[in-house]
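Survey of secondary and tertiary structure
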Amino acid sequence: MDNRIHFFSQIDVIPKKIESEKLGIRGRQANEFAELGFPILPGFILDTDIASGLKVAEVKKDIKSLLDKCAGIVGKKYGDAENPMLVKVVISSNLVVTNYPTLHNFGLAKTTIKGFANWVGKDFAAHEVLFLVRGMLKIEERIKELEDNTKALEEITGVLRSLDDALGIHGPSNELASEKKAKVVKVVPKSAEDYMEDYAKYFPKGFFDSAEEQLLLTLSEISRMFQMDDQNDNDTALMIAPMVYGNYGKDSCSGDFFSRNVVTGDNKLQGKFFRGKFNEIGASGQDISKVGDKHLKELQKIARILEDKFKEIRQVRFTIEKDKLWLIEQRQVAQKSTQSDIRLLLDLAKRKVVNNAYVVKSIEPLRLNEILHPIIDPDSVKGFKSWKGGIAGAPGAAIGRVYFTTDSLLEAKKLAIQKGEDSRCILVAESSFAEDVKAIEVSTGVLTAEGGYSAHASVVARQYGKVSLVAPDLKIKGKKASLGSFAFSEGDYITLQVPFYGESMVYSGTATLIEPDPEESGLLDFIAISKTFIKKFNVRCNADTPRDAALALSFGADGVGLCRTEHMFFKAERINVFREMLLSTNPKERQKALDKLQVMQREDFYGIMKAMAGKEVTIRLLDSPLHEFMPHNDDETAGLIAHMQKSKKVKISKAEIAASVEALHEFNPMLGHRGCRIAVSYPEIYAMQIRAIFEAAYKLRSEGVDAQPEIMVPIVMNASELKLIAYGKKIEGNNYVGIVDIEEELRKSKKAKPVEYSIGTMIELPAAALGAGEIAKYGRFFSFGTNDLTQTTLGISRDDFTAFMPDYTLFDLIVGNPFSTLDSRVKELIALATERGRLTRPDLVCGLCGEHGANPANVRFCMEAGLNYVSCSPYSVPIALLAVAQAELEKAGA
Ligand code: PEP
Ligand code: MG
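This next bit is on helix α18 (residues 546-554). An α-helical turn contains 3.6 residues, so a residue and the one three or four places further along point in the same direction. Along α18, the residues classified as buried are A549, L551 and A552. Down the axis of α18, the buried set is contained in an arc of 165°. They therefore lie on one face. On its buried face, α18 is in contact with β26 (538-542), β27 (560-564), α21 (587-611) and α34 (877-893). Trailing α18 by a residue or two, G556 shows a phi angle of about 100°, which is positive.

This is the structure in C-alpha cells:
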C-alpha cells in the first residue's frame, strides 16, 4: 500500500506520525471522529503528498483494495449490481481557496443503477444521478475555466444553471444541494438511465459504463484540475468514503439530534429522525426518543461520550441503514441557551469530568442575563393580536409602552416613575444610533427594522440585558407603526417574546410573565459553586422593597447595599401624603403628615430588614430634590386637590399648588437642594426616616429577628455635614437632633437593649472623595455613588449625556459610556478616598452602589482597589458574583 494513502474506520485511526496537515481540514475531522471509536463510516485519504500529482494507474490497486475493505464494513460492494456501495469524494484542502463541491454518489453507473433503485425507488435513484452529475459538472466547469476555454465553460455553466433550477438549488453551496433533495424527489421527469445518456457527453468517455471506471476517471479529472490550479499549491488531500441512505430499504432512517435539550438543558436527546427518508427537508420527523430502544441507547451513549470529551453540547447526524447505525457527523452547537450550558456543566461536575473551577470559568458573566429574566406565559397571550417572525437580537421577554424616539421614551419613563405608574417602555425605531443607548438602557426591550443580530440595537440590548427583536416588516409613520396587518400607536402596550430558540412574537397588550425558576435552571447550584471561590468580597443588592430584597437574597446577595427611600414615596397612595407635608404651612401640620409617612416607611424597612435578617441593610436617607415630588400636570394637580380636601378638609387652589411648585424650582437641581442639604433645612424629614428605621429594627429585635441597619447620608460634601446629621449640634439656641440622639431616645422609651447599627455616607462628590480622611471620622462606611460621582467628576449630567455623546464618539473624544464603565479619573477618586478613609479608620467598610456595580470590568476594579463589596440590582447579583468568583480564580491561578 502506498504510504501516502491512509485508511480510517471505527477501529483504525490514522497514526499521529502522519502530520495532520497532510489530511486537509475535512480529512482531519474524519480522523478525529475515528479517534472516538464511534460507529463511523470507514474511508481513506489520499494525502497532500499524493493527491495533487495523482497518477491514477499507480494507485488503482490500492484503491480497489481499500474500497473492498470499506465494503466489508458497510456490508455492500462497490460496483455490485444488486447491492452497490456508493462513495463520496471529498476535496479536503487546508486553506479553502476554491469552493470545491462535495461529490456524491460515485458508483452509480449503468451496471449498478437498477440494483440501487431496487432499494431506494426509481425517482430517488434518478435524483442521485442528477446530483452525481451536478458535482462532476462543477469539476468540469472549473477545468474549463482553468483552461480558458470560454465556449465550453459557457455551455457547462448553462447546463449547471438549468440543473440547479430543476433541482431547486439556489446559490453555490453543495450542502444546500443535498438538503433540497428530498423536496424535489417526486418531480423527476426522466429515468436515471436517460440522465446518464443525456449528460455523459460532458464527462470522460465511459464515465457511466462501470462503477470502477467512473471513480478512476473522476480521480484523474480532479488531479488534472489540481495540476492546473495555482491556488491548489499541493495543499489538498482527497477523501473517499462510502455513503449510506436512510431510505435504503426497511429498517432505515436518518436523523439529527443534540446531546441534550439546547433550551432547557434537560439531559435527554433532542431531535428528530425520518424513517425511509434520505434527509429531513420537507419531511415530518418523529421524536428521537421513538427511534427504538436499541438505537436510542447507542445514541445516548454516544451523546454522553461526546459531552464528556468536548465538555459542551454537541450536535450529531446519523443514518441507520438496514438496522445498522452510522454516525455521519458531529459538531459544535451555535445556538444554545445559557441554561443548557449551565446544566451541562453541573452534570459534568457531578460526573467528575470537570472540577468546580472549570464550571465557574466557563460561563461569561453577562450570559446569565438570559436566565435571570422572566418568560411569557403562553396562556396569557391567547387571542392577542400578534405578528410572528424577525431576527432575535437579544433573547427574552419584554412588556412596555412603545415610544418611537429616545426623547419621547425618556420623557414618558420619567413621568411614569414620578407618578408611581408602570414605567416599562419599549423603544421602537427603524434603527438605533448612539444617542438611543440611553433609551435602550432604561427600556425593557427594543424593536427595530434594520440589521440583525449585530445591529446596533441588538448589540446594545445584549450589553444591557435587554430584549431586542429586529423585524424587517416594521413600518413607522409619525406616531403609528405596523407589522404587517398588526398596527399600534405610540403609548400602546406591546409584548415582545424573543425566545432563545424558535420564532419570535410581537403581541398587542401586556402578557403575564413567568418568573425564571433559578432552581430549575441550575442557577442556584451554579451560584453556590461560584460563591465557594469568593473569599472576602461581597455582592449586595440595591433594593427598595421586601420583594426585591428577597429575590436578591435568593440570588446570593450578601445584604442590601442601597435602599433608595425616595422611591417609596413615589407610590400612588403615598405621593399625595408627601405633597401634603411639602404644602404644610406650619411645623405642626408638617409633623402630622410626617407621622403618616413614618408608619409607611416603618413597614417598608421592617419588610426589607426581615427579608435580609442577619445581613446588613444600608438605608439611604432622602436624596431627591423636593420639586420632583410635586405635581407635573393637571391630572396630578387635581389628584392633590382632592386628597387635600378628603384628608385635611382643606380647599387648596391650583394657583397655590403652582406657587409651591414655583417656590421649589431650581436652576440646576442635580447640584441643588438635595440629599443631606434637605436635611439641613428640614431636619424633621430625616428625623422621620431615622425613627422609622429604628422602630422597625426594634420591632424586629423583639421578634427575635437580627436586623442590621446601616444609615447612609447622601451627597455629603464635607465632614461637618455628616457630623451634624449623625451627632447633632447645638448652636445659638438651635438644636439639631442627630441620628444617635434619635436612636437613644427611642431605645429609652422602649427600654430596649441597643440594636447594632452604623452610620455612613455616600461618596458622590469629588470634594467628598478628597476629604475622605476627615469624613471617615464620622462614618463607619463609605458607599461610592458612582452615578453622581461620574457626573460630578466629569461635569457631565447623566441625564443629558446622550444628547452629545454621538458627536463625542464620532471624534473619538470618549471611550465607551462612562455611566456604564467607570472612567479612569473616577476610579482614581475611589481608590484615593478608600485609602484616605482607611488611614483615619482602618476598618472602614467601602462599597460601590452606582449602576456600575453590575459590570464585570468594574467589579474587578473594586476588588483591586480594596473595596469590600459592590451593590447592584437583584437581577445583576449573580452576574457580579460570577465576576468576583472568576477574578478570584484568576488571582489564585496567577
Ligand atoms: C449614585 O449616585 O451612584 C447613586 C447610587 O445614587 P442615585 O443613583 O440614586 O443618585
Ligand atoms: Mg447619587
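That shown, we press on.
Protein coordination at the magnesium ion (ligand 2): the donors are E764 (OE) and D788 (OD), at 1.9 to 2.0 Å from the metal. Of this pair, E764 sits in the loop between β32 (758-763) and α28 (766-770) while D788 sits in helix α30 (residues 786-794); the two residues are 24 residues apart in sequence, bridging distant segments of the chain.

The next subject is the pattern of salt bridges. For the coordinates displayed, the defined rule picks out 52 salt bridges. Residues R317 and E329 are paired through a salt bridge, measuring 3.1 Å at the closest nitrogen-oxygen approach. Placement of R317 in strand β11 (residues 314-321) and of E329 in strand β12 (residues 324-332) is noted, with a sequence separation of 12 residues between them. Take R317: its relative accessible area is 34%, and that puts it in the partly exposed class. Its salt-bridge partner being K596, residue E580 comes within 3.0 Å of it at the nearest N-O pair. Remark: K596 occurs in helix α21 and E580 occurs in helix α20 (residues 572-583); sequence separation between them is 16 residues. With relative accessibility at 3%, the residue E580 sits in the buried group.

Time to look at the packing of aromatic side chains. Scanning all chains against the criterion turns up 21 aromatic pairs. A ring pair is formed by F33 and F38, whose centres lie 6.4 Å apart and whose planes are at 85°; its orientation type is edge-to-face. The exposure classification of F33 matches that of F38, with both residues buried. The interplanar angle of 75° and the centroid separation of 6.5 Å between the aromatic rings of F384 and Y507 together place this pair among those described as edge-to-face. Within this pair, whereas F384 is found in the loop between β13 (375-376) and β14 (386-388), its partner Y507 is found in strand β24 (residues 505-508), the two being separated by 123 residues in sequence.

Let us look at the sheet that holds strand β7 (residues 236-242). Read from one edge of the open sheet, 5 strands run β1-β2-β7-β5-β6, paired in antiparallel fashion. Among the strands making up the open sheet, the edge pair consists of β1 (5-8) and β6 (103-106). For this sheet, the mean inter-axis angle between neighbouring strands, taken without regard to orientation, is 20°. Here helix α1 (residues 24-35) sits on the sheet in contact with β1, β2 (43-46), β5 (87-93) and β7, set at roughly 115° to β5. Each of β5, β6 and β7 touches helix α9 (residues 211-228); the most contacted strand, β5, lies at about 15° to it.

What follows covers the domain arrangement of the protein chain. Under the domain assignment, the protein chain is made up of domain 1 (5-242), domain 2 (253-336), domain 3 (374-514) and domain 4 (533-563 + 587-625 + 676-893). Centre-to-centre, using C-alpha coordinates, domain 1 lies 49 Å away from domain 3.

Running from amino to carboxyl end, helix α5 (residues 122-147) crosses α9 at an angle of 30°, the nearest separation of the two axes being 9 Å. It follows that α5 is roughly parallel to α9 by the angle criterion. Of the two elements, α5 crosses α9, and the hand of that crossing is left-handed. Taking contact as the criterion, the partners of L132, M136, I139, E140, R142, I143, L146 and E147 in α5 are, on α9, Q214, T218, E221, I222, R224, M225 and M228. Along the lines of polarity and charge, the residues of the contact of α5 with α9 split into 8 nonpolar, 2 polar and 5 charged.

With respect to topology, 8 strands assemble into an open sheet ordered β14-β24-β23-β16-β17-β18-β19-β15, the strand pairing being mixed. Of all the strands in the sheet, the pair left with one neighbour each is β14 and β15 (391-394). Sheet twist, expressed as the average angle between the axes of neighbouring strands with direction ignored, equals 25°. Bridging between strand β16 (residues 396-403) and strand β17 (residues 425-429) involves 3 bridges; their strand directions are parallel. The residue bridging R401 from the neighbouring strand is C425, located in β17.

Attention now moves to a negative patch on the surface. A surface patch of negative charge is lined by D517, E519, E520 and D525. With respect to the secondary-structure elements, D525 resides in helix α17 (residues 523-531).

Moving on to the environment of D800. One can find D800 in the loop between α30 and α31 (801-810). Taking the C-alpha atoms as reference points, D800 and M688, 112 residues apart in sequence, are found 33 Å from one another.

Looking at ligand 1, there are 14 residues lining it, with R564, G785, N787, D788 and R798 nearest. G785 is positioned such that a nitrogen or oxygen atom in its backbone is 3.3 Å from an oxygen atom of ligand 1. Within the contact set of ligand 1, an oxygen atom lies 2.7 Å away from a backbone nitrogen or oxygen of N787. Expressed as a share of its isolated accessible area of 290 Å², the protein-covered part of ligand 1 is 95%. Within the residue set of the shell around ligand 1, elements represented by two or more residues are β27 and α30.

Moving on to unusual backbone geometry. Among all residues except glycine, the phi angle is most often negative; among peptide bonds, the trans geometry is most common. At D251, a position not held by glycine, the phi torsion is positive, near 60°. The exposure class of D251 is partly exposed, given its relative accessible area of 39%. Even without being glycine, K751 reaches a positive phi, approximately 50°. Tracing the chain through its elements places K751 in the loop between α27 (739-750) and β32.

Together, Y808, L810, F811 and L813 make up a nonpolar patch on the protein surface, roughly 470 Å² of accessible area in all. Structurally, the position occupied by L810 is in helix α31.

Take the side chain of T618 next. Within the secondary structure layout, T618 lies in strand β28 (residues 616-620). Using a relative accessible area of 0% as the deciding quantity, one classes T618 as buried. Here the side chain of T618 touches E710 through a polar contact of 2.7 Å, side chain to side chain. Residues in contact with T618, not counting those within four places in the same chain, are R540, V560, G561, L562, C563, E710, M712, F781 and Y869.

What follows is about the pairing of strand β21 (residues 480-483). Going residue by residue along β21, you find A481 and L483 tucked away on one face and K480 and S482 left uncovered on the opposite face. In terms of strand pairing, strand β20 (residues 474-477) meets β21 through 4 bridges, oriented antiparallel. Counted as the bridge partner of I476 is A481 from β21. Taking the residues that link successive antiparallel strands as the turn, the β20-β21 hairpin has 2 residues, and the phi of G478 there is positive, at about 60°. Sheet topology places β21 next to strand β22 (residues 486-489); 4 bridges connect them, and they run antiparallel. Bridge pairing links K480 to S489 in β22. The loop that links β21 with its antiparallel partner β22 comprises 2 residues; one of these, G484, has a positive phi angle of about 60°.

Here C846 shows up in strand β34 (residues 845-848). Taking relative accessible area as the criterion, C846 reaches 0% and is therefore assigned buried. C-alpha of C846 to C-alpha of G760: the two residues are 86 residues apart in sequence and 9.7 Å apart in space. Residue contacts for C846: discarding those within four places in its chain leaves F782, F784, T834, R838, L867, N868 and Y869.

What follows deals with the pairing of β12. The side chains of a regular strand alternate between both faces of the sheet. In terms of strand pairing, β11 meets β12 through 8 bridges, oriented antiparallel. When the bridges of β12 are listed, F318 appears paired with L327. Counting the residues between successive antiparallel strands, the hairpin from β11 to β12 contains 2 residues, one of them, K322, with a positive phi of roughly 45°.

Restricting attention to buried positions, one finds in helix α26 (residues 719-727) the residues A719, E721, L722, L724, I725 and A726. Backbone nitrogen of S720 and a side-chain oxygen of the N-cap are separated by 3.1 Å at the start of α26; the cap is N718.

Across the protein chain, the average pLDDT comes to 91, with 96% of residues at or above 70. Confidence drops under a pLDDT of 50 for residues 172-186, and excluding neighbours within four residues, the segment shows 34 contacts in the predicted structure.

The rules behind the values
Residues numbered from 1 in each chain as written. Chains lettered and ligands numbered in written order. Predicted model: local features only at pLDDT ≥ 70, side-chain atom pairs only at ≥ 80, totals over all residues. Heavy atoms only, no water. Buried < 20%, exposed > 50% of the residue type's maximum accessible area, 1.4 Å probe, protein only. Helix = DSSP H or I, 4+ residues; strand = E, 2+ residues; numbered from the N terminus. Arc of directions from axis to C-beta. Contact = heavy atoms within 4.5 Å. Donors = N, O, S within 2.8 Å, 3.2 Å for Na, K, Ca; no water. Salt bridge = Lys/Arg side-chain N within 4 Å of Asp/Glu carboxyl O. Phe/Tyr/Trp six-rings, centres within 6.5 Å; stacked < 30°, edge-to-face > 60°. Pairing = 2+ DSSP bridges. Axes fitted to C-alpha atoms, helices over the stretch in contact; angles between N-to-C directions. Domains from an automatic or database assignment. Parallel < 35°, antiparallel > 145°, perpendicular 65-115°, else oblique. Left-handed = near helix turned anticlockwise from the far one by under 90°. Nonpolar A, V, L, I, M, F, W, Y, C, P; charged D, E, K, R; others polar. Patch = residues over 30% accessible without salt bridge, like charges linked within 9 Å, V, L, I, M, F, W, Y side chains within 5 Å. Areas by Shrake-Rupley, 256 points an atom, 1.4 Å probe, with all protein chains shown as cover. Lys, Arg positive; Asp, Glu negative; His and termini not counted. Charge placed at Lys NZ, Arg CZ, Asp CG, Glu CD. Near = heavy atom within 4 Å. Polar contact = N/O pair within 3.5 Å; in protein donor to acceptor, adjacent residues only side chain to side chain. pLDDT = per-residue confidence, 0-100.

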